[in-house]
Amino acid sequence: MDIQSERTRLLAEEDGDQDPPGLLSEQDAYLSKVKNRNLYLATLACVLGPLSFGFVLGYSSPAIPELSRIADPRLRLDAEQASWFGSIVAVGAACGGLLGGWMVGSIGRKLTLMSCSLPFVSGFVLIIAAQNVWMLYAGRLLTGLASGVTSLVVPLYISEMAHERVRGTLGSCVQLMVVLGIMGVYLAGLYLDWRWLAICSSVPPTLLMVCMCFVPETPRFLLSQGKRREAEEALRFLRGPDAPVEWECARIEDACDEQGGGFQMSDLRDAGVYKPLVIGVMLMIFQQMTGINAIMFYAEDIFERAHFKESDLASVIVGLIQVVFTGVAALIMDRAGRKILLIISGVAMAISTTAFGVYFYLTSGLHSGPQLSLVLLDVQSRAGEEPHADLAWLALASMAVFIIGFALGWGPIPWLVMSEVFPSKARGVASAACVLTNWSMAFLVTKTFKNMMDLLTSAGTFWFFSSMCLLNVLFTVAFVPETKGKTLEQIEASFRGSSGP
C-alpha cells in the first residue's frame, strides 16, 4: 500500500469515531502507547536556551552596581550608561525576533536554536574582555539578539514536538527556566564579580549547543519540507517504540496539505491567520503593560522600607517566588487550562497594582512632592528614620501578590499560546511579529516609565497598570480560546471554522 492510500485509510479510521461507550477513541488509544521519556529529555535540552536567556536578563542587576564604582574609568558606568546597559538587551531581542522568524522557516527549529549559542557566548566573551563601555554595549546587544531568537524558537520547538496531554506543562517550562536563570545569576552575583559572572553565564548556551546535537528536528517542520521518513523517525524517537507514529504523521501531513504552500501576504486575509495573529500580538502587549518591569524595578527599595537591608538577598527572594509559582503554573497548566489561569492572574495583578497605587498615594501624601522620586529622596535624607514604615506591609503584600499572579498566568501563558495558535505556514512570521511586539513594548515601557511617573504621579502610574490588567482580563474572556487538550491541527481548524483532524 502506498503512502497516500495508507494516510487516507488512517484518517478514515479516525473520522469514524462513533465509539461505543467505554472504548478508547483513536486519539486516546494512540496516546496510551506513547512513552514520554525522550520527549522530556528533548525538552530539557532545548530549555537550556531560556535558561541562558534568564542569565542575560538577570546579569545587569548584580553587574551594574559593580561597574558603576569600578576603578577603571574606561569601564565605569554613569546613570545614563547603566540604563542603556540594562535596556539595550531589549533592542537586540526585538531584532532577534525578526531574525528568528526568518531562520525557523529557512533552516528549521533545531538548527536555529543551536545557532543561538554563538551570539550568546560571543556576547559574554565581549563583556569578559571589555576594555571600554562600547564593548560592554556590544556584548549586551549580542546576548539580547540571541535571547530574541531563543524566545521565539524554543516555544515553537516544544509545541511542535509535544503531544496535547503534556504540551501545556512542557511549554510552561520556557518561562520557568527564564526565571530560574534570573534567580541563578542573582545567587551567583552574591559571590562572583561581574567578569566571573559573565564566564558562568556562558556555560548554559555552551551546553545548549552540545545537547541539541542529540535531539531531532520537529516532525511538523520535516513534513512541511516533504521529509516523511525523517518525520516518522523523529516521532518514533519522541513517542517511543510502541506508538503507531504513522497515525500521528498522517494527521499532521493532512493538515499541511490543507494549508497549501508557504506563507504569502495575501494569507493575512484568512481568518485562520489574522485571528490568532491579533490574539498573539495583544497578549504580548498586555503582558508588558501589566507593570511587571516597574514592580521589579522597585523591588529592592520596597524591601529596604520594610527594614530588609540586604537588598541583594531580597532580589534572590523575589526570584525564588517567581520560580516556585511558575513551577506551580507548569504543573497545573494542562489541568486548569490557559484561559482560567490568565483570568485569575489578571485579577490578582489588578488588585495588587491598585494596592500599590494606594500605597504610593498615602506615602507621597506625607511629603511635599507627589512623585515617588521625591519620596525616595526624602526617605534617603533621613538616616534611620522611617516616617511611614507601618505601610511597608502593604507594599510587600502587593508585590508578593503581583509576582505570584504574574508567574501563574501572564508570565508563561502568552509565550505558550503564541506557540499553539498559529498555522504552520505562518508560524515563523507570526511568532516574529509577537516577539518583536513584546520586546519593543518592554523597551518602551522601561524607557518611558519615569516620564509616566512625572505625568501621572507614582500612584496614578500604578492605577494605570491596574486598568490595563482589568482590560487584559476582559480581552481574555472575550477573545482568547482555550487550547488545553487540543492538537495543534485542531486549534488551527477552530480558527478556520472547521472541526479539524
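See the structure shown above.
Overview of the structure. Quick caveat: nothing in here was measured; it's all calculated off a predicted structure.

### Things to note about a nonpolar patch on the surface
On the surface, a nonpolar cluster with roughly 390 Å² of combined accessible area is contributed by Leu187, Leu190, Tyr191 and Leu313. Inspection of the secondary structure puts Leu187 in helix α9 (residues 167-189).

### Let's talk about the pattern of salt bridges
Scanning the entire structure with this criterion turns up 15 salt bridges. Among the ionic pairs, Arg167 bridges to Glu420, the shortest N-O distance being 2.8 Å. Of the two residues, Arg167 sits in helix α9 while Glu420 sits in helix α22 (residues 413-421), which places them 253 residues apart along the sequence. For the pair formed by Arg167 and Glu420, the shared burial category is buried. With its nearest N and O atoms 3.1 Å apart, the salt bridge here joins Arg228 to Glu232. Taken together, the residues span about one helical turn, with Arg228 and Glu232 both in helix α13 (residues 228-239) at a distance of four residues. Assessed through its relative accessible area of 14%, Glu232 is described here as buried. Connected via shared salt-bridge partners are Arg109, Glu160, Arg427 and Glu492.

### Remarks on empty space enclosed by the protein
Under the definition given, this model contains three cavities of 30 Å³ or more. In this model, the largest cavity occupies a volume close to 120 Å³. Lining the largest cavity are 16 residues, and of these His163, Glu164, Arg220, Glu248 and Thr487 lie nearest its centre. A per-element tally of the lining of the largest cavity places helix α14 (residues 245-259) first, with four residues.

### Observations concerning the nonpolar core
Counting 127 residues, the largest nonpolar core has Cys46, Tyr59, Phe85, Leu136, Trp194, Met212 and Trp439 as the members making the most contacts within it. The element best represented in this core is helix α23 (residues 427-479), accounting for 17 residues. Formed by 14 residues, the second largest nonpolar core is a distinct cluster that contains Leu31, Leu235, Trp247 and Cys249.

Cut-offs and rules
Residues numbered from 1 in each chain as written. Predicted model: local features only at pLDDT ≥ 70, side-chain atom pairs only at ≥ 80, totals over all residues. Heavy atoms only, no water. Patch = residues over 30% accessible without salt bridge, like charges linked within 9 Å, V, L, I, M, F, W, Y side chains within 5 Å. Areas by Shrake-Rupley, 256 points an atom, 1.4 Å probe, with all protein chains shown as cover. Salt bridge = Lys/Arg side-chain N within 4 Å of Asp/Glu carboxyl O. Helix = DSSP H or I, 4+ residues; strand = E, 2+ residues; numbered from the N terminus. Buried < 20%, exposed > 50% of the residue type's maximum accessible area, 1.4 Å probe, protein only. 1 Å grid on protein atoms, 1.4 Å probe; cavity = no way out; pocket = protein on both sides within 12 Å on 5 of 7 lines; lining within 4 Å. Points joined across faces, edges and corners; volume = space filled by probe spheres on them. Core = buried A, V, L, I, M, F, W, Y, C linked by side-chain atoms within 4.5 Å.

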